[in-house]
Amino acid sequence: MSPSDTPITTEDDEGSRDFIRDIVHEDLNSGRKSSVVTRFPPEPNGYLHIGHAKSIVLNFGIAEEFGGRCHLRFDDTNPAKEEQEYIDAIQEDVRWLGFNWGDHLYYTSDYFEQLYVWAQHLITEGLAYVDDLTADEIREHRGTLTESGTNSPYRDRAPEESLDLFQRMRAGEFENGAKVLRAKIDMSSGNINLRDPVIYRILHAEHPRTGKDWCIYPNYDFAHGQSDAIEEITHSICTLEFEDHRPLYDWLIKNLPVPSEPHQYEFARLNLTYTVLSKRRLMQLVNEGHVEGWDDPRMPTISGYRRRGYPAAAIRDFAGRIGVSKSNATLEVQALEACVRDHLNTHAERRMAVLNPLKVVIENYPEDQSEELDALNNPNDETAGKRKVPFSRELYIERDDFMEDPPKKFFRLAPGREVRLRYAYFVTCTEAIKDDNGEIVELRCTYDPETKGGNAPDGRKVKATLHWVSTAHAVGARIHQYEHLFTEEIPGGGAGDFLEDINSNSLSILTGCKLEPALQNAKHGETVQFERLGYFCLDKTATSDELVFNQTIGLRDNWAKVKAKG
RNA sequence: UGGGGCGUAGCCAAGUGGCCUAAGGCACCGGCUUUUGAUGCCGGCAUUCGGAGGUUCGAAUCCUCCCGCCCCAGCCA
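**Focus on the packing of helix 7 (residues 220-230) against helix 8 (residues 246-255)**
Item 1. The interhelical angle for the contact between helix 7 and helix 8, taken along N-to-C directions, is 60 degrees, at an axis separation of 9 Å. In this view, helix 7 runs oblique relative to helix 8, as classed from their interaxial angle. Read as a crossing pair, helix 7 and helix 8 show a hand that is right-handed. Residue-level inspection shows Asp221, Phe222, His224, Gly225, Gln226, Asp228 and Ala229 of helix 7 in contact with helix 8, the latter providing Leu248, Tyr249, Leu252 and Ile253.
Item 2. Tallied by class, residues from the contact of helix 7 with helix 8 come to six nonpolar, three polar and two charged.

And the structure:
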């Protein structure tokens, strides 16, 4: 089963109330709205990340819960930054997350002609004018946060003149920046967005979808609300930084002959510890080569998590668990990781793999013998079935599972001590063989044939169970392990640049790892548990010659805690 | 110093005047179970809701003042 095959409605519907759902509920109850239409409106200027997932789950989730629909709309009003590559990647990611927009795929650029007509309408009504001021001059006239602005000398130019100029802007008569169209609102407003905001600018650039059809483009403010109105969006949900824009959103809806009256609601965007979630920074990580690409398994992008082996269901679950509010929140990554472990624990099949091999010879096991032992694919799920694992005289175990001179609380293998090899036998260590440098290179053990399968007929117990792989049957692999990409909870939170907080140990590559043969058939998109270690998935770079696995996440490790306490 | 928001446990987050001596999750700490030191199970973890006053029989929820944090001065979204 691939992660995206899991149903999306299983996570609790109960208790997932939030202020936005309250509003939707109330709108429906009061009859203010008769249906619910939401939209997820990404700008195709980068890849989707976990923060977007929160918005996607919110928008598609509300639509589904209230029997409405959710549109996917590309907010493509800035050809200088947008690319087809991103349009494609975004669709793939939303789909992988498990959401379906049906026929409702839209582009703001589909509305350019209508938007242009509405801009003319505003001019005719005396509510917009073409301004000849330069960008610098406009900024100077805007005033400051505490001082009101001053009117542009072109503010009162006749509508006919503005109309003519606006048409000539469209015709391509002017250079970039020579003129802009501004809404005529209030230069003394405390809300800077209302100080005659620019709504159209000249941009001689090729658009991914409209090509060279246009050389003037509406900006976000002039495009978003009207696009919502055209699509009859009922609840336009965005993040907190747009709160200041709502009066402008409403002003445009009120002053334009739009077909419906959408409303905007804002919620707090997601922040995660030890990660960076701004497109600018993610772009920088990619462009400057700090990671391998947008889908580097250390990236908080949807594609990064997918390659890392995070199930889509876990990301959905996370988005549901964290809630929606207006308080600026930074979640601990552990909350996300807990969702990943939760899902994988119940769904991932188990296998055995040795990351740092130490050879073990079972002295009393016949030289040329080997046998196939039964192993459960998932002890927590009867239906997962079982598989055969080959056992023989020579095995690999994890180096960390042996200590020549163990401390009190270490109860794995040590000289003279008996432990269980999972699904196999009890073995007792008789000797540790070292090389000239004193390094342990091999263990000699004996096994008890009576304990086949892992239980002693005489009822004696053993304190530890180790995973292992038969040397003759082992499959080699390279394994990538990851730590957080940053060493600080809030990268760049101090005085320095966020790049200074990059964790130089975020990737470790282990070669010469030994896997049980069943892993030879590992499939892309399937995350499995390597018993006692963690969850792993086949990387996209794996070939039939070289298996490459990414560590999705480790198992909780209490021994590490005990060890650390000393 | 203008405008817009937010402040409930280490991190999220329910709660909208009495059933709150405040739900749930993550984290953390104990115990039990365990052929993964995993999982599971049980228990603990805010007499207090940014602070101070006030209204009320009664406040996290209402009022006043104060404090702290976030966003806004792109022809980005």
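**A word on the protein's contact with RNA strand B**
Item 1. In the vicinity of RNA strand B lie 66 residues, with Arg350, Phe411, Arg412, Arg422 and Gly453 positioned nearest.
Item 2. When atoms of RNA strand B within 4 Å of the protein are split into backbone and base, the sugar-phosphate part holds 62%.
Item 3. Between a base nitrogen of RNA strand B and a main-chain N or O atom of Gly190, the distance comes to 3.2 Å.
Item 4. Between Ser327 and RNA strand B, the recorded distance is 3.0 Å, taken from a side-chain N or O atom to a phosphate oxygen.
Item 5. Those elements that provide at least two residues to the surface near RNA strand B are helix 5 (135-142), strand 6 (198-202), helix 11 (312-322), strand 11 (329-331), helix 12 (333-347) and helix 13 (558-565).
Item 6. Among the residues forming the surface near RNA strand B, the class breakdown is 21 nonpolar, 23 polar and 22 charged.

**A short note on the domain arrangement of chain A**
Item 1. When its domains are assigned, chain A resolves into domain 1 (35-267), domain 2 (272-349 + 477-565) and domain 3 (353-467).
Item 2. Taken over C-alpha atoms, the centre of domain 2 sits 30 Å from the centre of domain 3.
Item 3. Regarding the contact of domain 2 and domain 3, the summed buried area is about 1900 Å², with carbon and sulfur atoms giving 53% of it.
Item 4. If you sort the residues of domain 2 by the area they bury against domain 3, Glu531, Arg532 and Trp559 come out on top, with a joint share of 35%.
Item 5. If you look at where domain 2 meets domain 3, you find three salt bridges.
Item 6. Residues Asp401 and Arg532 are paired through a salt bridge, measuring 2.2 Å at the closest nitrogen-oxygen approach.
Item 7. Here domain 2 is connected to domain 3 by nine residue pairs in polar contact (both at pLDDT 80 or more).
Item 8. Sorting the residues of the side of domain 2 that touches domain 3 by element identifies helix 12, strand 23 (475-482), strand 24 (507-515) and helix 13 as the ones contributing at least two each.
Item 9. Here the side of domain 2 that touches domain 3 takes five residues from strand 24, the largest share from any one element.
Item 10. Tallied by class, the residues present in the side of domain 2 that touches domain 3 amount to 12 nonpolar, five polar and five charged.

**As for the pattern of salt bridges**
Item 1. The full count for this structure, using the stated rule, is 45 salt bridges.
Item 2. Lys179 is the salt-bridge partner of Asp132, the closest N and O atoms lying 3.2 Å from each other. Taken together, the residues Asp132 in the loop between strand 4 (128-131) and helix 5 and Lys179 in the loop between helix 6 (159-171) and strand 5 (180-183) connect sequence positions 47 residues apart.
Item 3. The class of Lys179 is buried, set by a relative accessible area of 11%.
Item 4. Of the charged contacts, one joins Arg393 and Glu367 as a salt bridge, the two residues approaching to 3.8 Å between their closest N and O atoms. One end of the pair, Arg393, is in the loop between strand 16 (386-392) and strand 17 (394-398); the other, Glu367, is in the loop between strand 14 (357-362) and strand 15 (370-376), and 26 residues separate them in sequence.
Item 5. Classification of Arg393 by relative accessible area gives buried; the value is 16%.
Item 6. Residue Glu367 is classed as exposed on the basis of its relative accessible area, which comes to 61%.
Item 7. When salt bridges that share partners are traced, they join Glu292, Asp295, Arg307, Asp539 and Lys540 into one network.

About the cut-offs
- Residues numbered from 1 in each chain as written.
- Chains lettered and ligands numbered in written order.
- Predicted model: local features only at pLDDT ≥ 70, side-chain atom pairs only at ≥ 80, totals over all residues.
- Heavy atoms only, no water.
- Axes fitted to C-alpha atoms, helices over the stretch in contact; angles between N-to-C directions.
- Helix = DSSP H or I, 4+ residues; strand = E, 2+ residues; numbered from the N terminus.
- Parallel < 35°, antiparallel > 145°, perpendicular 65-115°, else oblique.
- Left-handed = near helix turned anticlockwise from the far one by under 90°.
- Contact = heavy atoms within 4.5 Å.
- Nonpolar A, V, L, I, M, F, W, Y, C, P; charged D, E, K, R; others polar.
- Near = heavy atom within 4 Å.
- Polar contact = N/O pair within 3.5 Å; in protein donor to acceptor, adjacent residues only side chain to side chain.
- Domains from an automatic or database assignment.
- Buried area = accessible area lost by both parts, 1.4 Å probe.
- Salt bridge = Lys/Arg side-chain N within 4 Å of Asp/Glu carboxyl O.
- Buried < 20%, exposed > 50% of the residue type's maximum accessible area, 1.4 Å probe, protein only.

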